[in-house]
Amino acid sequence: MTHYSQEMAEYRGETFFAGAEDATNVWLRKIPGQTYANNEGFQTYGNRELKTVPAEDLEAWYQETCTATWRGQPFNVVHTHNGKAEAGYAGGEYVWAQQNGLEGDQYNGFTATLSTGELANVQVVRTDFLKRWKEKHQV
């Protein structure tokens, strides 16, 4: 199972949230609560620490998207930590969502904190952005 369903990058042996800055650079953002050995060049914006690096300097740049079922219904797993999964309900049965204690509504969607042990049919799909970037730029 993945810890985060969003773009991530590995840079100098550490993992960060990430995203394309422009055609040749990627922004890195420190993950809150993580301790980093590499603090050089990061700038603080509010409670976020960011820096831009050349894509060619990355060890990995990817997104892992995790889906699962809980009580027979589909969910998109956004984050996992200590045996708990933050997940968004991907089904359309709003009465079921309310009856099963999900937070939210039919207009803005439903979310839940679920035990990872209760998830079934867990599937993780990894999209390798660095491989695509290297192919495009013939690196």
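Residues numbered from 1 in each chain as written. Predicted model: local features only at pLDDT ≥ 70, side-chain atom pairs only at ≥ 80, totals over all residues. Heavy atoms only, no water.

(A) Geometry of the nonpolar core. Among the nonpolar cores identified, the biggest contains 21 residues, and Val 26, Leu 28, Leu 58 and Trp 61 are the most heavily contacted of them. Aside from chain neighbours lying at most four places away, what touches Trp 61 is Glu 7, Met 8, Ala 9, Ala 18, Gly 19, Ala 20, Val 26, Thr 127, Asp 128, Phe 129, Leu 130 and Trp 133. In this structure, Cys 66, Phe 110, Ala 112 and Leu 119 belong to the second largest nonpolar core, which totals 15 residues. (Core = buried A, V, L, I, M, F, W, Y, C linked by side-chain atoms within 4.5 Å. Buried < 20%, exposed > 50% of the residue type's maximum accessible area, 1.4 Å probe, protein only. Contact = heavy atoms within 4.5 Å.)

(B) Highlighting the pattern of salt bridges. Tallied over the entire structure, the rule returns two salt bridges. Between Glu 49 and Lys 30 there is a salt bridge, with the nearest N and O atoms lying 3.2 Å from each other. Pair noted here: Glu 49 is in strand S5 (residues 48–54) and Lys 30 is in the loop between strand S3 (25–29) and strand S4 (43–45), with a separation of 19 residues, a long-range link. (Salt bridge = Lys/Arg side-chain N within 4 Å of Asp/Glu carboxyl O. Helix = DSSP H or I, 4+ residues; strand = E, 2+ residues; numbered from the N terminus.)

(C) Representation of the side chain of Asn 38. On the secondary structure map, Asn 38 appears in the loop between S3 and S4. Within the structure, the side chain of Asn 38 is placed 3.4 Å from the backbone nitrogen of Glu 40, a separation counted as a polar contact. In this structure Asn 38 touches Tyr 11, Arg 12, Glu 14, Lys 30 and Lys 51, once residues within four positions along its chain are discounted. (Polar contact = N/O pair within 3.5 Å; in protein donor to acceptor, adjacent residues only side chain to side chain.)

(D) View of the pairing of strand S6 (residues 60–70). For S6, the tally of buried residues reaches eight of 11 residues, placing the bulk of the element in the interior. The sheet contact formed by strand S1 (residues 7–11) and S6 spans four bridges and is antiparallel. Residue pairing for S6: Glu 10 is matched across the bridge by Ala 60. As defined by bridge partners, S6 adjoins strand S11 (residues 120–128) across seven bridges and the pair is classed as antiparallel. Considered in S11, the bridge of Cys 66 is made with Val 124. Pairing of S6 with strand S7 (residues 73–81) involves five bridges; the strand directions are antiparallel. Counterpart to Ala 68 in the pairing with S7 is Phe 75. In this antiparallel pair of consecutive strands, S6 and S7, the connection spans two residues, and Arg 71 shows a positive phi of 50 degrees. (Pairing = 2+ DSSP bridges.)

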